[in-house]
Amino acid sequence: AVWQRGLVCYAVFVGVCLVLGAHLTPRPDEIIFALSLPLWAIIPYAAACLILAAARLWLVRGHNRRRLVRSLVAKLRANARRLGA
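Just so we're clear, the structure is a prediction, and the values are computed from it rather than from any experiment.

**Comments concerning the overall build of the protein**
(1) Moving on: Counting its secondary structure elements, the protein contains four helices and zero strands.
(2) Moving on: Seen in sequence order, the protein has helices and strands lined up from the N terminus as α-α-α-α.
(3) Moving on: Relative to the globule expectation of 12 Å for 85 residues, the C-alpha radius of gyration of the protein, 19 Å, shows a markedly less compact shape.
(4) Moving on: C-alpha atoms of the protein, sized along the principal axes, occupy 60 × 30 × 20 Å.
(5) Moving on: Within the span of the protein, comprising 85 residues, buried residues form 7% of the whole.

Structure representation (structure tokens):
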């Protein structure tokens, strides 16, 4: 929760800076740089979450692993149907 709050605060900070700095007529490379600023925090956070989720999945043994995989697949399919509709 702390990481999420920090990322949201940082993204809001960058967004406010972009909005307030728009009247200074920035060059395109400055806009691209400002938009890519949050990526240094978001990409490692997403990678860590993926690694932890994969470790948790493989730590579950036997029947529980199959049940967990089926549950994840069912949730992904339900989300895909909901987003596609």
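**Remarks on the pattern of salt bridges**
(1) Moving on: Applying the stated criterion across every chain, the model contains one salt bridge.
(2) Moving on: Among the ionic pairs, D29 bridges to R27, the shortest N-O distance being 3.2 Å.
(3) Moving on: Judged by its relative accessible area of 45%, D29 falls in the partly exposed class.
(4) Moving on: What makes R27 partly exposed here is its relative accessible area of 49%.

**Topic: the packing of aromatic side chains**
Working definition: an aromatic ring pair is given by the centre-to-centre distance plus the angle between the planes.
(1) Moving on: Considering all chains together, one arrives at one aromatic pair under this definition.
(2) Moving on: Ring geometry for Y10 versus F13: centroids 6.5 Å apart, planes at 40 degrees, classification tilted. In this pair, Y10 and F13 both sit in helix α1 (residues 2–21), three residues apart, roughly one turn of the helix.

**As for the layout of surface pockets**
(1) Moving on: Estimates place the volume of the largest pocket at around 210 Å³.
(2) Moving on: Along the walls of the largest pocket sit F13, V14, C17, L18, G21, A22, P26, E30, I31, A34 and L37, which together make up its complete lining.
(3) Moving on: If you list the elements that add at least two residues to the lining of the largest pocket, you get α1 and α2 (28–36).
(4) Moving on: Residue composition of the lining of the largest pocket, by class: nine nonpolar, one polar and one charged.

**With respect to the packing of α1 against helix α3 (residues 39–59)**
(1) Moving on: Contact geometry of α1 with α3 gives a least axis separation of 10 Å together with a crossing angle of 155 degrees. Taken together, the axes of α1 and α3 are roughly antiparallel relative to one another. Crossing handedness for the pair α1 and α3: left-handed. Residues W3, Q4, L7 and Y10 of α1 form the contact with α3, whose own contacting residues are W40, A41, I42 and Y45.
(2) Moving on: Split by residue class, the contact of α1 with α3 holds seven nonpolar, one polar and no charged.

Calculation notes
Residues numbered from 1 in each chain as written. Predicted model: local features only at pLDDT ≥ 70, side-chain atom pairs only at ≥ 80, totals over all residues. Heavy atoms only, no water. Helix = DSSP H or I, 4+ residues; strand = E, 2+ residues; numbered from the N terminus. Rg over C-alpha atoms; globule rule 2.2 N^0.38 Å. Buried < 20%, exposed > 50% of the residue type's maximum accessible area, 1.4 Å probe, protein only. Salt bridge = Lys/Arg side-chain N within 4 Å of Asp/Glu carboxyl O. Phe/Tyr/Trp six-rings, centres within 6.5 Å; stacked < 30°, edge-to-face > 60°. 1 Å grid on protein atoms, 1.4 Å probe; cavity = no way out; pocket = protein on both sides within 12 Å on 5 of 7 lines; lining within 4 Å. Points joined across faces, edges and corners; volume = space filled by probe spheres on them. Nonpolar A, V, L, I, M, F, W, Y, C, P; charged D, E, K, R; others polar. Axes fitted to C-alpha atoms, helices over the stretch in contact; angles between N-to-C directions. Parallel < 35°, antiparallel > 145°, perpendicular 65-115°, else oblique. Left-handed = near helix turned anticlockwise from the far one by under 90°. Contact = heavy atoms within 4.5 Å.

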